[in-house]
Amino acid sequence: VLFQPKQYLFPETIEDAIKLLSESEDCLIVSGGVTLHELEKRDLLSNIRTLIDLSRLGLNHIRSTNDSLEIESSVTFSSLVKHESVRQKQMYAIVDCLEKFTPVQIRNLATIGGAICSAVPFLDIPTVFSSLAAKLVLIGPNGERIISIRNFYHDFFQTDLNKNELMIKAVVEKRLGRTGSAFQSFKRTAVDIPIINVSAFVSLKSDNSCEEVSVYIGGVDKVVREGKNFEDKLAGSVIDDKSIENGLDELNDLVSLESFHAGLAYKRRIMKLITKEVVLRATERARSNNVIQEDSQI
Amino acid sequence: LKLTLHVSGNEYIVEVQPADSLNKVLRVYLGLTGTKQACDYGGCGSCTVLLDGDPVYSCMVPAPRCGSKKIVTIECFENDSEVRTIQDSFVKNGAIQCGFCTPGIILAAKALIGKNSRPSLDEIRYGIAGNICRCTGYVKILNAIQEAAEKITLMREQRF
């Protein structure tokens, strides 16, 4: 069935966008637009008649305050990684993810809102933002509501967004103290979607024992998964090679999605290798963290 | 949708359909076939063009949003001495075999050299990671881009 939308609309305000979403039965939001033609080729858009482009809503700002980093939904990967606030060690998983993100052609187009709301569990951004406990601000006819990204995904392509809602920004709370994060993605080639990705956030006590650790893994299931049992094993201990290796087997059950590029056993092996590397790197950043925060906006 | 497109210094008025990609508009409506079409979903880089100076996959860019953007395709070589320098370097280094990927790689290289006048081989690898070549094995392409960067930097220094 052919993809034959009848309209391509550019709402100028958020209110107009919500009105269009409420009125149009067969519509699709276009943010960066990078997945549009891939979805078309997989025959997933044959019922779409209206495309609603958010690029004129002006949702392309990044605001940094003492308490949080707010990233509006149309901010591109290129813009975000240039912002000084993501260089704080607590947020550094974002830099790990985007600084060497390939291909650059997609980095220049893809948006944070698009990467989060398309609900593809292989993408890197949902994993990173889950480990950083980002809150998503959604807006609809009844006003704003806030949801943790950790509760946002229900299934492949399915999020908590209602049909007449859109995401306007992601907010990451800044955490003072000895905090650090790290991210690693494993791809077959530079232009492929990842086979697996892991992001970790670590907060340490003054004696170097683990106060809090969050480990999120993408590409292993229909949604990004949390390594809860692994986190529980690390909690309270000093994070090192040995304590990590003792807990890695707890991650095995997370892997339930295989592909022709990677079977379950292969994914489990790669997941453990990357998780160890990422948690160690996040821990090292937390140990050396001296928090400096400044207000800024672009 | 009626759009005014600014492509490589020329202005075109064109009627596009809601589902059209920039790649389709360039190749089919404007006849600018220097920009190639291959995978058509962002997996090969042969359709790379510059949009407001940044390399993008034209197959992924919805055409209706290109009205106010400055687009550069490989056809710009007639007026762009830096692109001609990259092109000459590709020929001299044997970095072209079938040539299908070449327009996309040259534009990715132009964007890279625009931001980094003396890129290392690793930086070049990163800059063209989104462009696949199935003939050359990349070594000659990397050498060609590095040599072109040196020449372009020299040209810029002489100009000022």
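Within every chain, residues take consecutive numbers counted from 1 along the sequence as written. Chains and ligands are labelled by the order in which they are written, letters from A for the one and numbers from 1 for the other. Local features in this predicted model are restricted to residues whose pLDDT is 70 or higher, and side-chain atom pairs enter the listing and the counts only when it is 80 or higher, whereas totals over whole chains, interfaces and linings include all residues. Side-chain figures throughout are based on the complete set of non-hydrogen atoms in the structure, without hydrogens or water.

1. Side note on the overall build of chain A
(1) Moving on: Secondary structure counts use DSSP, requiring at least four H or I residues in a row for a helix and at least two E residues in a row for a strand, with both numbered from the N terminus. Secondary structure summary: chain A contains 10 helices and 15 strands in total.
(2) Moving on: For chain A, the C-alpha atoms occupy an extent of roughly 60 × 45 × 35 Å along the three principal directions.
(3) Moving on: Accessible area is worked out with a 1.4 Å probe on protein chains only. A residue is then buried under 20% of its type maximum, exposed over 50%, and partly exposed in between. Per-residue burial over chain A gives 57% buried out of 298 residues.
(4) Moving on: We call two residues contacting when some pair of their heavy atoms lies within 4.5 Å. At a minimum sequence separation of 6, the contacts of chain A that also span at least 24 residues come to 66%.
(5) Moving on: Accessibility throughout is a Shrake-Rupley quantity obtained with a 1.4 Å probe, and a residue counts as covered only by protein chains that appear here. Surface exposure of chain A reaches about 12,900 Å², of which carbon and sulfur atoms provide 47%.
(6) Moving on: Here chain A contributes 36 positive and 41 negative side-chain charges, whose respective centroids are spaced 4 Å apart. When charges are counted, neither His nor the chain ends are considered; positive counts come from Lys and Arg and negative counts from Asp and Glu. A single reference atom marks each charge: NZ on Lys, CZ on Arg, CG on Asp, CD on Glu.

2. What about the environment of E211(A)?
Residues and elements named next belong to chain A.
(1) Moving on: Position of E211 relative to the elements: it lies in strand 13 (residues 210-218).
(2) Moving on: In the structure, E211 is positioned 27 residues away from V238 in sequence and 9.5 Å away in space, judged by C-alpha atoms.
(3) Moving on: With residues up to four places along the chain from it excluded, the contact list for E211 reads S203, L204 and K205.

3. A few points about the side chain of S214(A)
All names here are of chain A.
(1) Moving on: If you trace the backbone, S214 turns up in strand 13.
(2) Moving on: Classification of S214 as buried rests on a relative accessible area of 4%.
(3) Moving on: Among residues more than four places away in sequence, those in contact with S214 are S131, R150, S199, A200, F201 and E231.

4. Quick word on the sheet that holds strand 11 (residues 179-186) of chain A
Residue and element names in this part refer to chain A.
(1) Moving on: The sheet built from four strands is open, its strands ordered 11-12-13-14 with antiparallel pairing. Edge positions in the sheet fall to strand 11 and strand 14 (225-226), since each has one partner strand and no second.
(2) Moving on: Its contacts with the sheet put helix 7 (residues 124-131) on strand 11, strand 12 (196-204) and strand 13, and the angle it makes with strand 12 is roughly 15 degrees. Strands were regarded as paired on the criterion that DSSP finds at least two bridges between them. Axis definition: a line fit to C-alpha positions, over the contact stretch in the case of helices; interaxial angles, taken between N-to-C directions, run 0 to 180 degrees.

5. A look at the environment of L39(A)
Residue and element names in this part refer to chain A.
(1) Moving on: Within the secondary structure layout, L39 lies in helix 2 (residues 36-41).
(2) Moving on: Through-space distance from the C-alpha of L39 to that of E165 is 21 Å; in sequence the pair is 126 residues apart.
(3) Moving on: Look past the residues within four positions of L39 in its chain and what remains in contact with it is L44, L45 and F157.

6. Here's the deal with the pairing of strand 2 (residues 27-30) of chain A
All names here are of chain A.
(1) Moving on: Note: strand 2 against strand 3 (residues 50-53), four bridges, orientation parallel. Each residue of the ladder has a partner; that of C27, found in strand 3, is T50.
(2) Moving on: Look down the strands so they point away from you; if the path from the first strand over the helix to the second goes clockwise, the crossover is right-handed. Handedness of the β-α-β unit built from strand 2, helix 2 and strand 3 comes out right-handed.

7. Here we look at the packing of aromatic side chains
Centre distance and the angle of the planes are the two values used to describe a pair of aromatic rings.
All names here are of chain A.
(1) Moving on: By convention, a stacked pair of Phe, Tyr or Trp rings (six-membered ring in the case of Trp) has centres within 6.5 Å and planes under 30 degrees apart, an edge-to-face pair has planes over 60 apart, and any other such pair is tilted. Using the criterion set out here, one finds six aromatic pairs over all chains in the structure.
(2) Moving on: Centroid distance Y8 to F10: 5.2 Å. Interplanar angle 50 degrees. Geometry classified as tilted. For the pair Y8 and F10, one class covers both residues: buried.
(3) Moving on: Chaining the aromatic ring pairs together yields one cluster made of F122, F156 and F157.
(4) Moving on: The criterion is that NZ of a Lys, or CZ of an Arg, lies within 6 Å of the ring centre and within 35 degrees of the ring normal, and then a charge sits over that ring. Above the ring of F10, the side-chain terminus of R56 is found at 3.7 Å from the ring centroid.

8. So, the confidence of the model for chain B
(1) Moving on: As a per-residue quantity, pLDDT reports the predictor's confidence and falls between 0 and 100. Averaged over all residues, the pLDDT of chain B equals 94, while 100% of them reach at least 70.
(2) Moving on: Mean pLDDT across the elements of chain B ranges from a minimum in helix 5 (residues 139-159) of chain B, with 93, to a maximum in strand 3 (residues 48-51) of chain B, with 97.

9. Some points on the pairing of strand 3 of chain A
All names here are of chain A.
(1) Moving on: Residue alternation in strand 3 divides its side chains into two sets, T50 and I52 and L51 and D53, and both sets are buried.
(2) Moving on: With three bridges joining them, strand 1 (residues 7-9) and strand 3 adopt parallel strand pairing. Bridge pairing links Y8 to L51 in strand 3.

10. Digging into the interface of chain A and chain B
(1) Moving on: Opposite the 31 residues of chain A that make contact, chain B presents 28 residues.
(2) Moving on: Once two parts are brought into contact, the accessible area they lose, counted with a 1.4 Å probe and summed over both, makes up the buried area. Per-residue buried area on chain A facing chain B is highest for Y8(A), H37(A) and Q105(A); these three make up 28% of the total on that side.
(3) Moving on: A pair is scored as a salt bridge if a Lys or Arg side-chain nitrogen falls within 4 Å of a carboxyl oxygen belonging to Asp or Glu. The interface formed by chain A and chain B includes two salt bridges.
(4) Moving on: A salt bridge links K41(A) to D40(B); the nearest nitrogen and oxygen atoms lie 3.3 Å apart.
(5) Moving on: Polar contact is the term for a pair of N or O atoms within 3.5 Å; when the atoms are in protein, one must be able to donate a hydrogen and the other to accept it, and sequence-neighboring residues count only if both atoms are side-chain atoms. Across the chain A-chain B interface, the total number found is 10 residue pairs in polar contact (both at pLDDT 80 or more).
(6) Moving on: Secondary structure elements with two or more residues in the side of chain A that touches chain B: strand 1, helix 2, strand 3 and helix 5 (104-107) of chain A.
(7) Moving on: The residue classification treats Ala, Val, Leu, Ile, Met, Phe, Trp, Tyr, Cys and Pro as nonpolar and Asp, Glu, Lys and Arg as charged. All others, Gly included, are polar. In the side of chain A that touches chain B, the residues fall into 15 nonpolar, nine polar and seven charged.

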